[in-house]
Amino acid sequence: MRCQGTITLLACCLLQVLGLTCQAQSYSYSVKFTLSARNFVDTIPITFEDDQIYITAHTQDATYRFCLDTGSSQGIIYTDGKVPYLRKLGKITSHDANGTATRIDAVEYPDFRIGHLTIHGYTGSLLDSHIDHSDYDAVIGFDLFNKGLSAKIDARQGIMILTDIPRYFDQEEGYAVRYRLLRWVPNIKVSPYHDCVDEARFDTGSRRLYVMSDRSRQTFSTQFPDFATQIEGMSYGSRAIGSFGAERNQEVAFLWLDQLQWGGFSFYDYHTMTTQGNSRIGAELFHYGSIIIDPKRRRLVFQPFESEQGCMVSNEQMDIAFVPRNGRASVGLIWEGSQQYKNGFRQGDVILSIDGRPIHSFLQFLSYPFINGKKHRFSVMGTDRQVRTVESER
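**Section: the overall build of the chain**
Broken down by element type, the chain carries 5 helices and 34 strands. Looking at the chain residue by residue over its 394 residues, the buried ones come to 58%. Put simply, 67% of the contacts in the chain that link residues at least 6 apart link residues at least 24 apart. Accessible surface for the chain amounts to roughly 16,200 Å². Of this, 45% is attributable to carbon and sulfur atoms.

Set out below in structure tokens:
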């Protein structure tokens, strides 16, 4: 995510697909799943790749890779995936990260083991997948912590310490913020600019350190006239992909924040964008420190890897976003000041082929074998239905 003009990684970082939350309808949200141990402390290996957290899960018959997504109220199993479900439990109304709602099935997972802990009767949503989830097989949601389990997640060491012992992490220092549950997922208050307070979902299914809701951007722009100094550009389009599709087209702001504050700790010089869904704090946070999840007191504690009260991020701005439209890969958003715009990409372009290879679906686009440093030839069809060629380096 550090190289401006990147195509594959930019598309991947857009897959903030998992912030799935559930609201009781025919099936009620529940944490009635059971655990194989009590009064335990278990150190569970995790993998941190492409700004996502993965846990190895074992069933009686197979081994799977689960994505840990705190923006999802419960698990997710895919209809075209590898993980079987035991039975359907009823219908629920679910909301994705963009706020889109639909009715889906709730299902029961097979018994599975993470570390030394076996989980019985775990519940998930059954989703048709329109995005690439080849890096993982299913999702574990925030219900793992709503059950009452505390955790310390240290991506640098590749571990998650999980326990049911109350106040186990009380002696650990860090920058604590309280969270409140909205649709059963945690939301915290951060400050993206002087005197501005934004409520953001703590969502490890989202990759970026922070994205701001457009509602918050409009509020800050009205209440604080000097907030305009944090906006480096505007465009029109969509960038975020929820569980039920891409967000609708609308105005998007490109932000260059002087600092983002979490409970007294500051992230300086950060480029980000606005989104139509909730503001979010994502898994990129784990590059800079560990997180303690304390459900008893509804706290999240950030423990920076360095001792200072802040760190420089100094990332490049995302300048192009690819989203699925009618199953095809298209340019959902592009910044007119970017190299990609100069190369010839325009908002609404549909990708027809790359280097002469036809691209019939968004999944084909995501899996294309781009080569670092090579200029790839894109055949695109614009909104005027005209076909043209664009050359762009990964």
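**Section: the pattern of salt bridges**
Side-chain pairs of opposite charge can arise whenever the charged atoms involved come near each other. Applying the stated criterion across every chain yields a total of 17 salt bridges. For R207, the salt bridge is made with D50, and the minimal N-O distance between the two is 3.5 Å. Separated by 157 residues along the polypeptide, R207 in the loop between β18 (196–202) and β19 (210–213) and D50 in the loop between β3 (41–49) and β4 (52–58) bring together distant segments of the chain. In this structure D50 comes out as partly exposed when scored by relative accessible area, which is 34%.

**Quick notes on the packing of aromatic side chains**
If you walk through the whole model with that rule in mind, you get 30 aromatic pairs. Centroid distance F112 to Y122: 5.7 Å. Interplanar angle 90 degrees. Geometry classified as edge-to-face. One end of the pair, F112, is in strand β9 (residues 112–114); the other, Y122, is in the loop between β10 (117–120) and β11 (123–127), and 10 residues separate them in sequence. For the pair F112 and Y122, a shared accessibility class is recorded, and that class is buried. Through a chain of ring-to-ring contacts, three or more aromatic side chains come together here, namely Y175, F202, W262, F265, F267, Y288 and F302. Just above the ring of Y54 sits the side chain of R65; from NZ or CZ to the centre is 4.1 Å.

**Here's the deal with unusual backbone geometry**
One non-glycine residue, D51, lies in positive phi territory at about 60 degrees. One can find D51 in the loop between β3 and β4. For D51, a relative accessible area of 9% puts it in the buried group. If you check the backbone angles, D269 has positive phi at about 55 degrees while not being a glycine. Position of D269 among the secondary structure elements: in strand β24 (residues 265–275).

**Considering the confidence of the model for the chain**
Averaged over the chain, the pLDDT score is 88; the fraction of residues at 70 or greater is 88%. Here residues 1–25 scores under 50 on pLDDT; set against residues more than four positions off or in separate chains, the count is 122 contacts.

**Quick notes on the pairing of β10**
Alternating residues of β10 divide into L117 and I119, all buried, and T118 and H120, none buried. Sheet topology places strand β2 (residues 34–35) next to β10; 2 bridges connect them, and they run antiparallel. Residue pairing for β10: T34 is matched across the bridge by H120. In terms of strand pairing, β9 meets β10 through 3 bridges, oriented antiparallel.

Cut-offs and rules
- Residues numbered from 1 in each chain as written.
- Predicted model: local features only at pLDDT ≥ 70, side-chain atom pairs only at ≥ 80, totals over all residues.
- Heavy atoms only, no water.
- Helix = DSSP H or I, 4+ residues; strand = E, 2+ residues; numbered from the N terminus.
- Buried < 20%, exposed > 50% of the residue type's maximum accessible area, 1.4 Å probe, protein only.
- Contact = heavy atoms within 4.5 Å.
- Areas by Shrake-Rupley, 256 points an atom, 1.4 Å probe, with all protein chains shown as cover.
- Salt bridge = Lys/Arg side-chain N within 4 Å of Asp/Glu carboxyl O.
- Phe/Tyr/Trp six-rings, centres within 6.5 Å; stacked < 30°, edge-to-face > 60°.
- Lys NZ or Arg CZ within 6 Å of the ring centre and 35° of its normal.
- pLDDT = per-residue confidence, 0-100.
- Pairing = 2+ DSSP bridges.

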